[in-house]
Amino acid sequence: NQLINAYMRNGLDFYKEKDMDKAISELDKSTVLAAQTGNTEMESKTRSITSKIYAAKGNGLLKDEKLDDAKTAYDKAIELQGNNLDALYGLELVAKSKGDMESMMKYADMVVEYGSSNPKAADDVANAKSAASVTLLNEAAKALQNKDSQTAVTYINNSFKYADGDADAYFNLTVANIMSKNWDDAVAAANKALELKEGDKSGIYFQLGQALEGKGDTAGACDAYQKVTSGPNVESAKYQITQVLKCG
């Protein structure tokens, strides 16, 4: 038991000196010896400490943009302690940096799952949700620019798992659904954007008019276009009213 403690103290001393690899090496010796002697309490303790050090090592590597090395460190942390929130959040950020939205959401979901029942983990959960939401909305905007409307729809809808959407998010969802000819979904998104938007709503009303027109609701489209009173779509709205729909 004295040797187990000695290895552990050595590991912690190396950690204080920021020598992660030596710290891990000493702690591994402590963990192995604890397992061999049946000291389950110390084995659990040293595994937990080592997991935290791997996560800290991963954070440093991530800061230096060494994504693959950071992922390796975080994976080691998870092997030792599956609910290590720092490591899971780190893996979320690695996936984000690599543009892997599926993995990013997987790790964000794990942070939420393991952290939601722990009041002390509230900040971890909030950070994981925020990172996932913001990233998905940014990627959706890029998809729209590339005319990939279905990907944009998917990303925006997924973002709502992590944060309530604002008017801009629902506006982009309206545009994406119009591009995909999902008329009912476009109308629903536009109405939600109108509900959330403060100030001038002309841009949203124009998109709502487009969605209702696509749906075949001439009266509704006319009403929406008539509410476009400012911005770059005024003339287009007038054209739809007078020349296309011939609103009464």
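Structure first, text after, so check above.
Residues numbered from 1 in each chain as written. Predicted model: local features only at pLDDT ≥ 70, side-chain atom pairs only at ≥ 80, totals over all residues. Heavy atoms only, no water.

(A) View of the overall build of the protein chain. Each helix and strand counted, the protein chain has 13 helices and zero strands in total. Each helix (α) and strand (β) of the protein chain, taken in turn from the N terminus, gives the series α-α-α-α-α-α-α-α-α-α-α-α-α. Dimensions of the protein chain along its principal axes, counting C-alpha atoms only, are 90 × 30 × 25 Å. By residue count, 41% of the 248 residues in the protein chain fall in the buried class. Taking the contacts inside the protein chain whose residues are at least 6 apart along the sequence as the reference set, 48% of them involve residues at least 24 apart. Roughly 13400 Å² of accessible area belongs to the protein chain as shown, and the carbon and sulfur atoms make up 46% of that amount. Computing the positive centroid from 29 side-chain charges and the negative centroid from 36, the protein chain places the two 2 Å apart. (Helix = DSSP H or I, 4+ residues; strand = E, 2+ residues; numbered from the N terminus. Buried < 20%, exposed > 50% of the residue type's maximum accessible area, 1.4 Å probe, protein only. Contact = heavy atoms within 4.5 Å. Areas by Shrake-Rupley, 256 points an atom, 1.4 Å probe, with all protein chains shown as cover. Lys, Arg positive; Asp, Glu negative; His and termini not counted. Charge placed at Lys NZ, Arg CZ, Asp CG, Glu CD.)

(B) Examining the nonpolar core more closely. Grouped together as the largest cluster of nonpolar side chains are 42 residues, with contacts concentrated most on M104, L136, L208 and Y225. Mapped onto this core, the elements with two or more residues apiece are helix 6 (101-115), helix 7 (122-145), helix 8 (149-159), helix 9 (167-179), helix 10 (183-196), helix 11 (202-215), helix 12 (218-226) and helix 13 (234-244). If we ignore the near neighbours within four places in the chain, the residues touching M104 are E92, A95, K96, A132, T135 and L136. Core analysis: the next-biggest nonpolar cluster, separate from the first, contains 30 residues, A23, L27, Y54 and L61 among them. (Core = buried A, V, L, I, M, F, W, Y, C linked by side-chain atoms within 4.5 Å.)

(C) Molecular detail of the packing of aromatic side chains. Inspection of the entire model under this criterion finds two aromatic pairs. Look at F160 and Y170: their rings are 4.7 Å apart centre to centre, the planes differ by 20°, and that puts the pair in the stacked class. Within this pair, whereas F160 is found in the loop between helix 8 and helix 9, its partner Y170 is found in helix 9, the two being separated by ten residues in sequence. According to the relative accessible area criterion, Y170 is buried, its value standing at 15%. Measuring from centroid to centroid gives 5.6 Å for F206 and Y225, while their planes differ by 55°, and the two rings are tilted. Placement of F206 in helix 11 and of Y225 in helix 12 is noted, with a sequence separation of 19 residues between them. Residue classification places Y225 among the buried positions, given a relative accessible area of 1%. (Phe/Tyr/Trp six-rings, centres within 6.5 Å; stacked < 30°, edge-to-face > 60°.)

Worth remembering: the numbers are spatial, not functional.
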